[in-house]
Amino acid sequence: MAITPLSSPFFEKREVNSTPQNEEYAIFLKNISKTFPNGTVANQDVTLGILRGEVHAILGENGAGKTTLMRIISGILKPDKGEIFIDGKPVKIRDPRDASRLGIGMVHQHFTLIPEFTVRENIALVLATSPWLDLKKVDEKIAAVSKDMGLEIDPESKIESLPVGKRQLVEILRLLCQDVRILILDEPTSVLTPIEVDSFFKMIMNLKSSGKTVVLITHKMKEALQISDRITVLRGGRVIRTIPTSDANEALLASLVVEGMLPAPTLVRGTPGDIILKVESLKVKDDRGRIAVDGLNLTVRSGEIVGIAGVAGNGQKELVEAITGLRKVESGAVKLLSQDITNKPTRFIIEKGISYIPEDRMHRGVVLTMGVHENLALKCIEKPPMSKSKIIDRRSMVKNAESLISKFSIKASDPCTSVENLSGGNIQKLIVARELSNGGLVLIAEQPTAGLDIKASEAVHQKLVELRSMGVGILLVSSDLDEIMKLSDRICVIFGGKIVGEFMPENLDVERLSRLMLGAD
Amino acid sequence: MVERQLTISRGTKRSIVKALLSVVLTLAVTSVVFLINNVNPILAFIYMFQGAFGDINLASETMIRMTPILIVSLGLAVSFKCKIWNIGAEGQLYIGAMLGTIAAIGIGGGPLSLLAALVVGAVGGLLWAAGPALMKVKLGINEVITTFLMNFVGIYLVQWMISYPFRSPDTYFPESSAIPSSSALAVILPGTRLHLGVALALALVPLVYFLLERTTFGYKVKVVGENPEAARYGGMEIGKVIFVSLVFSGLLAGLAGITEVMGIQFRVRGSLSPGYGYTGIVVALLGNNNPIGVALASLFLAAIMNGSSTLAWTMNIPMGIVDLMQGLLFIFVLASEPLVRFLERRGVLKL
Ligand SMILES: Nc1ncnc2c1ncn2[C@@H]1O[C@H](COP(=O)(O)OP(=O)(O)OP(=O)(O)O)[C@@H](O)[C@H]1O
Ligand SMILES: [Mg+2]
């Protein structure tokens, strides 16, 4: 994919005196520091200016303090030290309402829309200024904003029925309806397909041309280079550097983001053995009772990585849930080796050796309020050494946590800290660590590297390859086409609940693959 | 390692602050009520304290009062941890007391009769909770409604039983016959009414703590309560966990009822419980479903109950003050989370 710099020359030339009082800065952070009560230093002396009307990308490894800094700006967290200037004036942002009054809005790393509500209801919820619900006014607002931004979203549709790409647009729409001038977007693209990213970026450019300021966190260098005017890199809670995008390139950014990035070893292809997982004319319904997986056939061999490419909402979720026993199979069969596991309880399927990295990590993958050690034992709590005759062995849990924390370089203040204290990427690492370490026959990996920094992504890729060489069969479901192309021994394209095409990596036709994903051909 | 276990986690610290805040606010509002009635609140609380702990006799009465509250709320703590709201402990308590009493009388005197009474009483409470538990797990019917309604069925059923089939032949009131005196719970402090049931209740504190913190069941209760989707994903049988935690709270409610009979009242009357099943809800919430917190909270509520009777005759304050304080406590416990969050945001509190 070619990198097309969209940044305007205006910014490259723009010289500004960097004093906080300068009105050209929409936001100026001065010496911001934040230490969490458990002693974690998340931000240290951060000084950073965001120019009005620019798209400013924030890069940094997992746990670098990006989300913390953004939550400070949007009033969710309070800094221990430092000052914030908005349009050159010093301000105190005590809560999100203060931020909203100043025209600052944030889209969080994890979805905050209410899935059972419609687009209109979700927006009405944040617009509510009087006790009376004036849906007509909300509709007018939505219509006006949508027209300005060239958005096409049906206010009547329920959030849960929208693909993630659309949901992300609704998050933005919701901010714009609140008349936000400064938009903070925390990893909005991590689960979007390249096509969705494109339309998302078009939207960002629209925002920019209408004078909005955008701060965008991402782990993908390409995206930062493509969309932003300037880039700031954080590491260990400090600002490493802020550079105009025109002066940056992927290698430079990578070297700034992580220290000592190992050159990725060339990945060898697997040597597939016997069929280990077989899905036969599977039919599965979605939450609303419509057929989502429609007579799908699929095989995974031992020692093989099968990539499922497709736009979200084409049955991937339902397929995976059917295999893992979380969703009822209407007809067809799932076979593990020679055993029929169709509609068996999840517990049985786990015990037979199917591991699963879920996409919805906050709601499915972890219990946020429980400790890291407890979460790492989620699937093996009934087995020794975690417990013996139903009595938990806490020491084994802690020991297990300590070893996985170091093996997967999870950043946690201690092995028993609540998972809610971890950064988004580190929660993902925790789930990956748990699922890769329980020695299954088959691994189902949904977006395994979403939200991971380049180093951690590379580490996960290498772990997946390692598992493959040990004979594990891996079903990789990812919106990241690069990831699929890099790892898969075979690529299946899913559309409308069916596999509509299959490629071997050596004769891959990206054009055709993209067309198949969209249902053309 | 040892150090780590000794330090209090942030969450625990927070819930302690929340509980203390609720208590302080309750006392503050009660003080206002005292002032309006021309009563010196400080004096009133001193009398209350004296009434609860003033001498060995009063203190043991408070411990006796604490016993059924503690047993009930330990059970409720388990179901609440699972986010299962058993509002029916009162009915389960009465059914347990009734069935246990029948067993004690049926077997006659002696330790065997005592043991049988306790077991039957506990199982009675369990069975009374099993109906709502089954409806919840099999049909998805909200347990708040079913357990609450089963209170009326249970309490009136017991009223009927002590009015007709099991009415004592030697009294004018609707009440059951007395249990054989040889099967009563022994007094452990001579000169007082302090009975073995107090020890039983206190022994349950570490047991329930162990159940919640050190067993796989306790682990599953927490996961199901905190994130049922993760529980499903982790292969847990959610229905089973919910069922067991609900009937477990019924079991302890039944045990509380029969302990009250075997230790203090010696027969079942309509006035057996002044709402211990409901008090248990407040206590479990105030104690943040932590057995140690629950123990302290039940002592506190017992002290309010007993202290106010002293208050009633020293300062002429109606006993309704107990209900007032209990109600306030309930409101403030529920309000404490947003309150603490508000204080944190204003920088008043730093947790
Ligand atoms: N509530 C909290 N309590 C304690 N520590 C926290 C809390 N929130 C975050 N941290 C810690 O602060 C550090 C920075 O976290 P932050 O979420 O800002 O990282 P991030 O740069 O957004 O990472 P990611 O890319 O993984 O999302 C991490 O080490 C994290 O463990
Ligand atoms: Mg983050």
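Residues numbered from 1 in each chain as written. Chains lettered and ligands numbered in written order. Predicted model: local features only at pLDDT ≥ 70, side-chain atom pairs only at ≥ 80, totals over all residues. Heavy atoms only, no water.

Asks: Residues and numbers for the interface of chain A and chain B, please.
Replies: Contacts between the two partners involve 41 residues from chain A and, on the opposite side, 28 residues from chain B. Summed over both sides, the interface of chain A with chain B buries roughly 2800 Å², with 55% coming from carbon and sulfur. Ranking the residues of chain A by area buried against chain B places A:L378, A:I392 and A:R394 at the top, with a combined share of 18%. In this structure, the connection of chain A to chain B is made through 14 residue pairs in polar contact (both at pLDDT 80 or more). Put simply, the parts of the chain that give the side of chain A that touches chain B at least two residues each are α11 (346-352), α12 (361-365), β18 (391-392), α14 (394-407) and α15 (424-436) of chain A. (Contact = heavy atoms within 4.5 Å. Buried area = accessible area lost by both parts, 1.4 Å probe. Polar contact = N/O pair within 3.5 Å; in protein donor to acceptor, adjacent residues only side chain to side chain. Helix = DSSP H or I, 4+ residues; strand = E, 2+ residues; numbered from the N terminus.)

Asks: Help me get a handle on the sheet that holds strand β6 (residues 104-107) of chain A, residues and values and all.
Replies: All names here are of chain A. Spatially, the six strands line up as an open sheet ordered β6-β7-β8-β3-β9-β10, and their pairing is mixed. Edge positions in the sheet fall to β6 and β10 (238-244), since each of these pairs with one other strand and no more. Each strand axis lies, on average, 20° off the axis of its neighbour in the sheet, ignoring direction. Contacts between helix α6 (residues 164-177) and the sheet are confined to β6 and β7 (182-186), with β6 contributing the most and set at about 165° to the helix. (Pairing = 2+ DSSP bridges. Axes fitted to C-alpha atoms, helices over the stretch in contact; angles between N-to-C directions.)

Asks: How would you sum up the packing of aromatic side chains? Please name residues and give values.
Replies: Inspection of every chain in the model, using the stated rule, returns eight aromatic pairs over all chains. Taken together, a centroid distance of 5.5 Å and an interplanar angle of 65° make the contact between A:Y356 and B:Y233 edge-to-face. Residue A:Y356 is located in strand β16 (residues 354-357), and its partner B:Y233 is located in helix α10 (residues 228-233); the two belong to separate chains. The exposure class of A:Y356 is buried, given its relative accessible area of 3%. The residue whose ring lies beneath A:R167 is A:F111, and the NZ or CZ to ring-centre distance is 5.9 Å. (Phe/Tyr/Trp six-rings, centres within 6.5 Å; stacked < 30°, edge-to-face > 60°. Buried < 20%, exposed > 50% of the residue type's maximum accessible area, 1.4 Å probe, protein only. Lys NZ or Arg CZ within 6 Å of the ring centre and 35° of its normal.)

Asks: Lay out the domain arrangement of chain A with the relevant residues and their values.
Replies: All names here are of chain A. Split into domains, chain A comes out as domain 1 (53-75 + 95-257), domain 2 (262-353 + 439-521) and domain 3 (363-434). With centres defined by C-alpha atoms, the gap from domain 1 to domain 2 works out at 30 Å. Overall, the association of domain 1 and domain 2 removes approximately 1300 Å² of surface from exposure, summing both partners, and the carbon and sulfur fraction of that is 63%. Contact with domain 2 buries area across many residues of domain 1, yet N62, T193 and I195 alone supply 30% of it, more than any other trio. Between the two partners, domain 1 and domain 2, sit one salt bridge. For the salt bridge of D482 with K222, the shortest nitrogen-to-oxygen distance reads 3.3 Å. Where domain 1 packs against domain 2, one counts six residue pairs in polar contact (both at pLDDT 80 or more). Mapped onto the side of domain 1 that touches domain 2, the elements with two or more residues apiece are α7 (194-209) and α8 (221-227). If one sorts the elements of the side of domain 1 that touches domain 2 by residue count, α7 sits on top with three residues. (Domains from an automatic or database assignment. Salt bridge = Lys/Arg side-chain N within 4 Å of Asp/Glu carboxyl O.)

Asks: Could you give me a rundown of the coordination of the magnesium ion (ligand 2), with the residues and numbers involved?
Replies: Residue and element names in this part refer to chain A. Donor atoms from the polypeptide that coordinate the magnesium ion (ligand 2) comprise T67 (OG1) and Q109 (OE1), at 1.9 to 2.4 Å from the metal. Within this pair, whereas T67 is found in helix α2 (residues 66-73), its partner Q109 is found in the loop between β6 and α4 (119-127), the two being separated by 42 residues in sequence. Accessibility expressed as a relative area gives 16% for Q109, which makes it buried. (Donors = N, O, S within 2.8 Å, 3.2 Å for Na, K, Ca; no water.)

Asks: So what about empty space enclosed by the protein? Which residues, and what values?
Replies: Under the criterion given, the structure shown has four cavities of 30 Å³ or more. Of the volumes computed, that of the largest cavity is approximately 150 Å³. A:R347, A:E351, A:K379, A:E382 and B:G234 are, among the 13 residues lining the largest cavity, the residues nearest its centre. For the lining of the largest cavity, the leading source of residues is α11(A), giving three residues. Of the residues assigned to the lining of the largest cavity, the class counts are five nonpolar, two polar and six charged. Taken domain by domain, the makeup of the lining of the largest cavity includes at least three residues from each of domain 2 (262-353 + 439-521) and domain 3 (363-434) of chain A. (1 Å grid on protein atoms, 1.4 Å probe; cavity = no way out; pocket = protein on both sides within 12 Å on 5 of 7 lines; lining within 4 Å. Points joined across faces, edges and corners; volume = space filled by probe spheres on them. Nonpolar A, V, L, I, M, F, W, Y, C, P; charged D, E, K, R; others polar.)

Asks: Can you tell me about the site of ligand 1, naming the residues and giving the values?
Replies: Residues and elements named next belong to chain A. Inspection of the region around ligand 1 gives 21 residues, with K66, T67, T68, S423 and G425 positioned closest. A distance of 2.8 Å separates an oxygen atom of ligand 1 from a polar atom in the backbone of G63. Here an oxygen atom of ligand 1 and a side-chain polar atom of K66 are 2.7 Å apart. Compared with its free state, where it exposes 630 Å², ligand 1 has 92% of that area covered by protein. Elements with a contribution of two residues or more to the shell around ligand 1: α2 and α15. Here the shell around ligand 1 is built from residues that sort into four nonpolar, 14 polar and three charged. (Near = heavy atom within 4 Å. Areas by Shrake-Rupley, 256 points an atom, 1.4 Å probe, with all protein chains shown as cover.)

Asks: An account of the side chain of A:R490 is requested, with residue identities and associated values reported.
Replies: Residues and elements named next belong to chain A. Secondary-structure assignment places R490 in strand β21 (residues 490-495). The class for R490 is buried, based on a relative accessible area of 8%. For R490, the side chain forms a polar contact with the side chain of E502, separated by 3.2 Å. The residues contacting R490, other than those within four sequence positions of it, are T299, V300, E304, I305, V306, G307, E502, F503, M504 and P505.

Asks: Please give an account of the pairing of strand β22 (residues 498-503) of chain A that cites residues and values.
Replies: Moving residue by residue along a regular strand, the side chains alternate between the two faces of the sheet. All names here are of chain A. Pairing between β21 and β22: five bridges, direction antiparallel. Each bridged residue has a counterpart across the sheet, and for I494 the counterpart in β22 is I499. If you look at the hairpin formed by β21 and β22, you'll find two residues sitting between the two strands, and G496 has a positive phi there, around 55°.

Asks: Explain helix α13 (residues 291-315) of chain B to me, using residue names and the numbers behind them.
Replies: All names here are of chain B. The end-to-end C-alpha distance of α13, which contains 25 residues, comes to 35 Å, matching closely the 36 Å that a straight helix rising 1.5 Å per residue would cover. Between the side-chain oxygen at the start of α13 and the backbone nitrogen of I292 there is a gap of 2.8 Å, and the oxygen is on N290. At the exit of α13 stands N316, carrying a positive phi of roughly 65°. (Expected span 1.5 Å × (residues − 1).)

Asks: Explain the packing of helix α4 (residues 56-81) of chain B against helix α8 (residues 196-214) of chain B residue by residue, including any values.
Replies: Residues and elements named next belong to chain B. At a closest axis distance of 8 Å, the pairing of α4 and α8 adopts a crossing angle of 15°. Relative to α8, α4 is oriented roughly parallel. In this structure, the crossing between α4 and α8 has a hand that is left-handed. Contact residues: α4 offers M63, I64, M66, T67, L70, I71, L74, V78 and K81, while α8 offers G197, V198, A201, L202, L204, V205, V208, L211, L212 and E213. (Parallel < 35°, antiparallel > 145°, perpendicular 65-115°, else oblique. Left-handed = near helix turned anticlockwise from the far one by under 90°.)

Asks: Summarise the sheet that holds strand β2 (residues 41-51) of chain A; cite the residues concerned and give the values.
Replies: Residues and elements named next belong to chain A. Spatially, β2-β1-β4-β5 is the arrangement adopted by the four strands of the open sheet, whose pairing is antiparallel. Looking at the sheet topology across the chains shown, the edges are occupied by β2 and β5 (89-91). Going from strand to strand, the sheet's axes swing by 25° on average, the running direction of each strand aside. Bridging between strand β1 (residues 25-35) and β2 involves seven bridges; their strand directions are antiparallel. Pairing of Y25 across the sheet is with L51, part of β2. Running over the sheet, α2 touches β1, β2 and β4 (81-86) and is turned about 120° from β1.

Asks: Describe the side chain of B:T30, with residues and values.
Replies: All names here are of chain B. Secondary-structure assignment places T30 in helix α2 (residues 10-36). Looking at T30, the relative accessible area reads 0%, which means it is buried. A polar contact of 2.5 Å, which involves the side chain of T30, links it to the backbone oxygen of T26. Here T30 is in contact with F45, I321, M325 and L328, once residues within four sequence places are set aside.

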